[in-house]
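Structural characterization, general
The chain contents come next:
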Amino acid sequence: MAGRYNFEQIIDRRGKDALAVDMIPFPDVRVKEGFSRIPMWVADMNFAVLPDIQEKIIERVQHPTFGYFSPREEYFEAIRFWQNRRHGADPRKEEILFENSVLGGLCSAVTAFTEPGDAIFLHAPTYIGFLGTLEKFDRKLVFSGLKRDERGVWRMDYADMEQKIAENRVKMAVFCSPHNPCGRVWEREEVETAMEIFRKHGCLVVSDEIWSDLILPGHRHIPTQSVSEDAKQRTIALYAPSKTFSLAGLTGAYSIIYNQELREKMEKTAARTGYNHLHLLSMYALIGAYSENGLVWVRELMEVLEGHVEKTLAFFAKTAPEIRIAKPEGTYMLYLDCAGWCEKHGMPIRSLQEKGVEAGVIWQNGEPFGMPGTIRMNLALPESLLDEALDRLAKYVFV
Ligand SMILES: Cc1ncc(COP(=O)(O)O)c(C=O)c1O
């Protein structure tokens, strides 16, 4: 596909600080002789970044001083530009707070607005990072299961949500939009209904929108704060350029909080840790990313990813039709539900997972991500590598 940016370049990440190629997510499994490693697991991308990101960093690094600094106006302007163009939002500078990471923002919110023993609401399946983070607090986690409808689309169960929230007197809800791991891009009506339940029961909402730029064609992200004035006031929204532009190694996220009281409390709580400081190079990365060129890059990226999703779904429909896959609406992750295939072939899922890794297809067990019986497969890699991975799966794994 001819575009402005090159998503076909194969980048050797070995020796360049990349978990994706340095680690295999199955401790005792080796890639067999003769196979290269095709990274299809951890949630970063195997594409070169938008050149503006590197250019902004390089330009700054060439100046030989790195002392204390205040975030530049351009940093806030870039966030305002991005929020406006991508999401139609119009936060003022003072409504944007730097967060060291999205999960760091969640930690601050939990500390600021809940007490030990308080109940926090989440949907299940649940992003593993929420669990790892919240388990460190002495809070009660309350889950409402998402359910697949007749078309296999994950849906919220509003009656169950309401019952659990009321019974447990939930104080805070963590809303993941788009939803990881289910890949749902919630429709406006769904966000409105969920927010109405949270309003009715007086829950503060932390809305994790880290995936909100990675929306597949045909879907649209609805910012939680946009659905009503009440939602705007009760929600701490967390964003970052790290998933969109694959910048996890540079660290940096931000929150948008319109309600002044909430904002001041968040800020004070984060300040108490002494850790929540913007990194100079992360600031320049964001300025490069959140730009006109960034908009084009993301648009082209999503076209590429859409092609990869379609190709991979077609591959499995033909090669291993017993594998069930809910087509994602956003993100670049597929979860392969292997139960039917494993039963038909009398093979435990672990053996199937290991066979893939032995052939150099470094995919991951979906179970820790709340998707038991699945394999998690990251499709953010050049098409020629995806082709090679699918070819190996056909020849050595699904035989
Ligand atoms: C839903 C969700 N939130 C947060 C994160 C992590 O963000 P951060 O590294 O900024 O804490 C991820 C990473 O995959 C994620 O999927």
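Thresholds, definitions, all that
Residues numbered from 1 in each chain as written. Predicted model: local features only at pLDDT ≥ 70, side-chain atom pairs only at ≥ 80, totals over all residues. Heavy atoms only, no water. Helix = DSSP H or I, 4+ residues; strand = E, 2+ residues; numbered from the N terminus. Rg over C-alpha atoms; globule rule 2.2 N^0.38 Å. Contact = heavy atoms within 4.5 Å. Areas by Shrake-Rupley, 256 points an atom, 1.4 Å probe, with all protein chains shown as cover. Lys, Arg positive; Asp, Glu negative; His and termini not counted. Charge placed at Lys NZ, Arg CZ, Asp CG, Glu CD. 1 Å grid on protein atoms, 1.4 Å probe; cavity = no way out; pocket = protein on both sides within 12 Å on 5 of 7 lines; lining within 4 Å. Points joined across faces, edges and corners; volume = space filled by probe spheres on them. Nonpolar A, V, L, I, M, F, W, Y, C, P; charged D, E, K, R; others polar. Phe/Tyr/Trp six-rings, centres within 6.5 Å; stacked < 30°, edge-to-face > 60°. Lys NZ or Arg CZ within 6 Å of the ring centre and 35° of its normal. Expected span 1.5 Å × (residues − 1). Buried < 20%, exposed > 50% of the residue type's maximum accessible area, 1.4 Å probe, protein only. Pairing = 2+ DSSP bridges. Near = heavy atom within 4 Å. Sits in = over half its atoms within 2 Å of the grid points. Domains from an automatic or database assignment. Buried area = accessible area lost by both parts, 1.4 Å probe. Salt bridge = Lys/Arg side-chain N within 4 Å of Asp/Glu carboxyl O.

Let's talk about the overall build of the protein
- If you tally the helices and strands in the protein, you get 14 helices and 14 strands.
- Taken over C-alpha atoms, the radius of gyration comes to 21 Å for the protein, in line with the 21 Å a tight globule of 399 residues would show.
- Taken over the C-alpha atoms alone, the protein extends approximately 60 × 60 × 40 Å along its principal axes.
- The contacts of the protein with a sequence gap of at least 6 include a subset with a gap of at least 24, amounting to 74%.
- When the accessible surface of the protein is split by element, carbon and sulfur atoms take 50% of a total near 18,100 Å².
- When the 48 basic and 56 acidic side-chain charges of the protein are each reduced to a single mean position, those positions are 1 Å apart.

Let's talk about empty space enclosed by the protein
- Under the criterion given, the structure shown has 2 cavities of 30 Å³ or more.
- If you go around the largest cavity, you meet 13 residues; those closest to its centre are Pro241, Thr251, Gly252, Ser282 and Leu286.
- Along the lines of polarity and charge, the residues of the lining of the largest cavity split into 9 nonpolar, 4 polar and no charged.
- As a volume, the second largest cavity reaches approximately 50 Å³.
- Among the elements of the structure, strand 3 (119-124) and strand 7 (172-176) are those that each provide at least two residues to the lining of the second largest cavity.

Description of the packing of aromatic side chains
- Taken as a whole and judged by the stated rule, the model has 19 aromatic pairs.
- Clustering of aromatic rings is evident, with ring pairs tying together Phe7, Phe47, Trp82, Tyr239, Phe245, Tyr254, Tyr290 and Trp297.
- The side chain of Arg376 reaches across the aromatic face of Phe369, ending 3.8 Å from its centre.

Quick word on helix 4 (residues 102-113)
- With 12 residues, helix 4 should cover 16 Å at 1.5 Å per step; its first-to-last C-alpha distance of 16 Å lies within 8% of that length.
- Among all positions of helix 4, only Val102, Gly105, Leu106, Ser108, Ala109, Val110, Ala112 and Phe113 are buried.

With respect to the sheet that holds strand 13 (residues 364-365)
- The strand order 11-14-13 describes an open sheet built from 3 strands, whose pairing is antiparallel. Here the strands that pair on one side only, and so sit at the sheet edges, are strand 11 (333-337) and strand 13.
- Pairing of strand 13 with strand 14 (residues 374-378), which is carried by 2 bridges, proceeds in the antiparallel orientation. Directly across from Asn365, in strand 14, lies its bridge partner Ile375.

What to know about the site of the ligand
- Taken together, Ser101, Val102, Leu103, Tyr127, Cys176, Asn180, Asp208, Ile210, Trp211 and Lys243 are the residues near the ligand.
- For the ligand, whose accessible area on its own is 400 Å², the fraction buried by protein is 85%.
- In this structure, the ligand is accommodated by the second largest pocket.
- For the shell around the ligand, the per-class residue count stands at 6 nonpolar, 2 polar and 2 charged.

Regarding the domain arrangement of the protein
- Once the domains are mapped, the protein shows domain 1 (19-51 + 294-397) and domain 2 (72-277).
- Just the C-alpha atoms count here: the centres of domain 1 and domain 2 sit 27 Å apart.
- Between domain 1 and domain 2 lies a buried interface of about 2,500 Å² when both sides are counted; carbon and sulfur atoms form 67% of it.
- It is Leu295, Glu329 and Thr331 that lose the most area in domain 1 upon contact with domain 2, and together they represent 30% of the buried surface on that side.
- Where Glu329 meets Arg184, a salt bridge forms, and the shortest distance between an N and an O atom there is 2.8 Å.

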